[in-house]
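One letter stands for each residue in the lines below.
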Amino acid sequence: MFTLAKKMVVLLHLISILVGVPNVLVVRGEQYAEEEGLQDDDCVEGEDASWAIKKWILTELDKLQKYEIKYYETSMSLVKDDEGSSWYIVSDGWQGSFYYETGKPGQERVGAYLYPDYSTAIVGVWRDHLLVSGRPTYLVEACRSGSVWTLKFGELEGPIMTYSPPSHNSLGVDPLQRDPYEKKTIEVLNSLLPGGNDGLFAKRDIETGDILAFYGGYMISCNSSLRALDRTEYSDEEEHHRNMYSLSLGLEDEDNYCLDLPPELGNDVNKYNATLGHKLNHRFEPNVEFLLFSVHPVLGTVMSLSALEDIPAGTELTVNYGYDLKEDPDQPEWFKEQWIDFYGEDLEKEEIDQEEDVNNEDMEEDYDTDNDEIDEHEEL
């Protein structure tokens, strides 16, 4: 009887994804809780549910029986209960979690991906943690059942989504399809920094280590030319402008990959806002850092922004771009100005000294060459 009931739940989930049935129970909801004899005080709702799940993962995960699974560039902890429900907790919970009530790896199964706030979610059909079809929703209720939790989600909203990673000729998503997690976490406003235009701001209070936003774009080889066979000569400033939204994934592969947004997209949120991590401004004392994120439900492996400290709502977010004027003097003018302001160094003097060193080296090489020619002549 119970097996039949579970099959009916799965069927209802599949139908709901296609027609948008509200108040979907992704896992064992209220009826199952009553059958198992769970009490009201075993369940929490709304924001309390999200905090309970996050606390469970961050404080109890080490005590639970689990299986470590390598998943592309990251790892997951598999936690199962006797009834067959499974939690796949990504990167110790900092990159969210997958939840499935039934099904086996390698098969299509109904489940949910919870973003790192453990409130925003994508409910749908998954295969090996890749989204076949799903829609955004939010956590309504969490009920403790033994060592794990059962969840209830709200109405499915927004467009149908599917796993669609970026490539060299595709952004992977509609450029104006907002990420549901980012919509709750960050927003673009006028920057408060001198010379800044757009800036990225926190919409809610953020804790140290939390993921705030994602950095998407075209996925290209960092070694590839963005202007293949283009014989036009560009100035340094023109090159800097074209590459202003190109970010390396920092992979150790021989052929590293970069996420790249052309300036005409990156500069205008009315043309591209699927991810907004590229709107961050630079500071030498930042409050966030770039972090590889391997389980975005739609884009897959992209870059993300992780908080370096507790950040109150309304704070502008900044990151250190990682430019180094001493190692590579060929940097944009705005960065040179910030470098001087922060480090208090006389760049013009350093540049003159570097040019003199180069000239001296060239003169020494010419002198050595002349001497070699004289020696050869004498020998003849």
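Note: the structure precedes this text.
Let me begin by describing the structure that accompanies this report.

Conventions and cut-offs
Residues numbered from 1 in each chain as written. Predicted model: local features only at pLDDT ≥ 70, side-chain atom pairs only at ≥ 80, totals over all residues. Heavy atoms only, no water. Disulfide = S-S within 2.5 Å. Helix = DSSP H or I, 4+ residues; strand = E, 2+ residues; numbered from the N terminus. Buried < 20%, exposed > 50% of the residue type's maximum accessible area, 1.4 Å probe, protein only. Patch = residues over 30% accessible without salt bridge, like charges linked within 9 Å, V, L, I, M, F, W, Y side chains within 5 Å. Areas by Shrake-Rupley, 256 points an atom, 1.4 Å probe, with all protein chains shown as cover. Salt bridge = Lys/Arg side-chain N within 4 Å of Asp/Glu carboxyl O. Lys, Arg positive; Asp, Glu negative; His and termini not counted. Charge placed at Lys NZ, Arg CZ, Asp CG, Glu CD. Pairing = 2+ DSSP bridges. Axes fitted to C-alpha atoms, helices over the stretch in contact; angles between N-to-C directions. Arc of directions from axis to C-beta. Contact = heavy atoms within 4.5 Å. Core = buried A, V, L, I, M, F, W, Y, C linked by side-chain atoms within 4.5 Å.

Summed over all chains, the structure comprises two disulfides. Here Cys43 engages in a disulfide with Cys143; their sulfurs sit 2.1 Å apart. What sets the handedness of the Cys43 and Cys143 disulfide is the S-S torsion sign, and at about 110 degrees it is right-handed. Separated by 100 residues along the polypeptide, Cys43 in strand β1 (residues 43–45) and Cys143 in strand β8 (residues 130–145) bring together distant segments of the chain. Comparing Cys43 with Cys143 shows no difference in burial state: the two are buried. By sequence-ordered numbering of the bonded cysteines, the chain has its disulfides arranged as 1-2, 3-4.

This paragraph deals with a negative patch on the surface. On the surface, Asp236, Glu237, Glu327, Asp328 and Asp330 cluster together into a negatively charged patch. Within the fold, Asp328 resides in the loop between β19 (316–319) and α7 (333–343).

We now examine the sheet that holds strand β18 (residues 300–307). Spatially, β12-β18-β17 is the arrangement adopted by the three strands of the open sheet, whose pairing is antiparallel. The strands lining the two open edges of the sheet, one partner per strand, are β12 (211–215) and β17 (288–296). Adjacent strand axes in the sheet meet at a mean angle of 35 degrees, parallel and antiparallel pairs treated alike. Looking at chain direction, β12 and β18 are connected through four bridges and run antiparallel.

All right, on to the sheet that holds strand β15 (residues 257–260) then. Overall, antiparallel pairing links the three strands, which are arranged β13-β15-β14 in an open sheet. Where the open sheet ends on each side, the last strands, each with one partner, are β13 (218–221) and β14 (246–248). Strand after strand, the sheet turns through a mean of 35 degrees between neighbouring axes, direction not considered. The pairing of β13 with β15 spans four bridges and is classified as antiparallel. The residue bridging Ser221 from the neighbouring strand is Tyr257, located in β15.

Of the positions making up α7, those classed as buried are Phe335, Lys336 and Trp339. Buried residues of α7, seen end-on, are gathered within an arc of 100 degrees and therefore sit on one face of the element. Those residues of α7 that are exposed and aimed more than 90 degrees away from the buried face are Glu337 and Asp341. Directly after α7, the chain includes Gly344, whose backbone phi takes a positive value near 65 degrees.

Moving on, we get to the pairing of β15. Here β14 runs beside β15; their pairing, made up of three bridges, is antiparallel. Considered in β15, the bridge of Ser248 is made with Cys258.

When you line up the elements, Tyr257 lands in strand β15. A relative accessible area of 33% places Tyr257 in the partly exposed class. Residues in contact with Tyr257, not counting those within four places in the same chain, are Met219, Ile220, Ser221, Cys222, Leu247, Ser248, Leu249 and Leu251.

Judged by nonpolar contacts, the single largest core of 35 residues is most densely connected at Phe98, Tyr113, Trp126, Phe214, Leu259 and Val295. Broken down by secondary-structure element, the contributors of at least two residues to this core are β3 (74–80), β4 (86–90), β5 (97–100), β7 (120–127), β12, β17 and β18. Residue contributions to this core peak at three residues, all from β12. Non-local contacts of Tyr113, meaning those with residues more than four positions away in its chain, are made with Gln95, Gly96, Ser97, Phe98, Thr120, Ala121, Ile122, Trp126, Phe293, Val295 and Pro297. Counting residues in hydrophobic clusters, the runner-up holds 23 residues, among them Trp87, Ala112, Ala121 and Leu156.

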